[in-house]
Amino acid sequence: MISEKDFITSNYTLSVDNGDFIWSAPSNIALVKYWGKKDKQIPANPSISFTLNNCKTITKMAFAKKENDRDFSFDLLFEGKPKEDFKPKIQKFLERIFEYCPYLKDFHFTIDTENTFPHSSGIASSASGMAALAMNIMSLEKKLCPEMTDDFFFQKASLLARLGSGSACRSVKGEVVVWGNHAEIKDSSDLFGVEFPSAVHANFKNYQDTILLVDKGEKQVSSTVGHDLMHDHPFAERRFTQAHENLSKIKAVLENGNVEEFIKIVESEALTLHAMMMTSMPYFILMKPNTLEIINAIWKFRNETGIPVCFTLDAGANVHVLYPEYTKEKVLEFIKSKLVGYCQNGQYICDEIGHGAMSI
Ligand code: DP6
């Protein structure tokens, strides 16, 4: 079995002086949620997500060899302008991945990053951002180790992204990605995300995700604090077991195309995630009144029309509305007439399943 040690790069040439790369990486939406982790970003349970297409981070990384290799050295720009507040996060990321990428202190980096979604939209950019940065670092590593295989390139990119932000490891490659050991998913690993190994049923092809921006305010609970709440949580062990069970169930559903069953698992996972936050100490309610209004309106619409639309949530108040492509026109009409009023400034983002990171 592949282990962490296999990702420590020690044999490399420093034959490249300078250059740059540009990568885009998408956000992703979990169907079975990652909530709870152990040391070194090891997940407490496996998770599975749809990769998104439109919500992306685009990051350009320029590198130049330097003399003094005692410390990390980088400039950070957001939309072309220096952004000091992002630097500590990047510094911490470089420190965490240094044991795998010892060449990082040999270069000065200029990292220029932007998102396709409006900033302060309440959409977390950590998954797409960390994935885009990890891709750039792997492009540099590929220059230093040209014999590297594609498999290694993407696996290590996902491993590095994970060390930046857990869910980021699911934003590297593939339309449906599993992260975390699971008995029924071949080659699944706690160290990196893997593409869902079986063919996904046509019912889920181009599945749509419209993100309703209910609350764009500062996150009430950071993900680090949130994951920590699962330590000493009264329901933690049962929840972790349930995630394994739900992953088995959703695996079958993605293969056989049973959209009704898909809805049950996905909505239950979203509510369970929030139930974990409501039953931890300290406890939090991250939904807003409009989150509940939207959920109720979706249930009413589904009952009345039979259209298989459902919702999922992240650790916040925004709602992801998931539906098959063939229902797009009717669901968008429903969103515009019934749900937009619950969104802050009427804002929502239309997205759909995408393929993962791309070199530009
Ligand atoms: C609720 O990946 O943001 O979105 O590893 O601390 O960076 P860190 O956490 P993060 O947690 C995401 C949690 C979630 C569920 C999910 O995406 O699986």
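Note that the coordinates shown come from a computational prediction; the quantities given were computed from them, not determined experimentally.

J.: Hey, could you run me through the site of the ligand in this one?
T.: Tyr34, Lys37, Ser165, Gly166 and Ser167 are the nearest of the 15 residues found near the ligand. Contact between the ligand and Arg170: an oxygen atom at 2.8 Å from a side-chain N or O atom of the residue. When isolated, the ligand has an accessible area of 460 Å², and the protein chains bury 92% of it. Tallied by class, the residues present in the shell around the ligand amount to five nonpolar, six polar and four charged. Counting the residues that make up the shell around the ligand, at least three belong to each of domain 1 (4-199) and domain 2 (206-352).

J.: Sorry if this is basic, but what is going on with the packing of aromatic side chains here?
T.: Inspection of every chain in the model, using the stated rule, returns 18 aromatic pairs. Consider the rings of Phe72 and Phe98, whose centres lie 5.5 Å apart with planes at 85°: the pair is edge-to-face. You can see Phe72 sitting in the loop between strand S4 (47-65) and strand S5 (73-78) and its partner Phe98 sitting in the loop between helix H1 (87-97) and strand S7 (107-115), a full 26 residues away along the chain. Residue Phe72 is classed as buried on the basis of its relative accessible area, which comes to 12%.

J.: Sorry, what's going on with the pattern of salt bridges here?
T.: Taken as a whole, this structure holds 14 salt bridges when the rule is applied. The residue Lys173 makes a salt bridge to Glu195 at a minimum N-O spacing of 3.0 Å. Highlighted residues: Lys173 in the loop between helix H3 (150-164) and strand S8 (176-179) and Glu195 in strand S9 (residues 193-195), separated in sequence by 22 residues. A salt bridge links Asp187 to Lys186; its shortest N-O distance comes to 3.4 Å. Each member of the pair Asp187 and Lys186 is classed as exposed. Counted as one network, the salt bridges with shared partners bring together Glu4, Lys40 and Glu99.

J.: Just to check I follow, could you spell out the side chain of Thr272 for this structure?
T.: The topology assignment puts Thr272 in helix H6 (residues 259-278). Exposure remark for Thr272: the relative accessible area of 14% places this residue in the buried category. At a separation of 2.7 Å, a polar atom in the side chain of Thr272 contacts the main-chain carbonyl oxygen of Ser268. The contact partners of Thr272, leaving out residues within four places of it in the chain, are Arg239 and Gln242.

What counts, and where the lines are drawn
- Residues numbered from 1 in each chain as written.
- Predicted model: local features only at pLDDT ≥ 70, side-chain atom pairs only at ≥ 80, totals over all residues.
- Heavy atoms only, no water.
- Near = heavy atom within 4 Å.
- Polar contact = N/O pair within 3.5 Å; in protein donor to acceptor, adjacent residues only side chain to side chain.
- Areas by Shrake-Rupley, 256 points an atom, 1.4 Å probe, with all protein chains shown as cover.
- Nonpolar A, V, L, I, M, F, W, Y, C, P; charged D, E, K, R; others polar.
- Domains from an automatic or database assignment.
- Phe/Tyr/Trp six-rings, centres within 6.5 Å; stacked < 30°, edge-to-face > 60°.
- Helix = DSSP H or I, 4+ residues; strand = E, 2+ residues; numbered from the N terminus.
- Buried < 20%, exposed > 50% of the residue type's maximum accessible area, 1.4 Å probe, protein only.
- Salt bridge = Lys/Arg side-chain N within 4 Å of Asp/Glu carboxyl O.
- Contact = heavy atoms within 4.5 Å.

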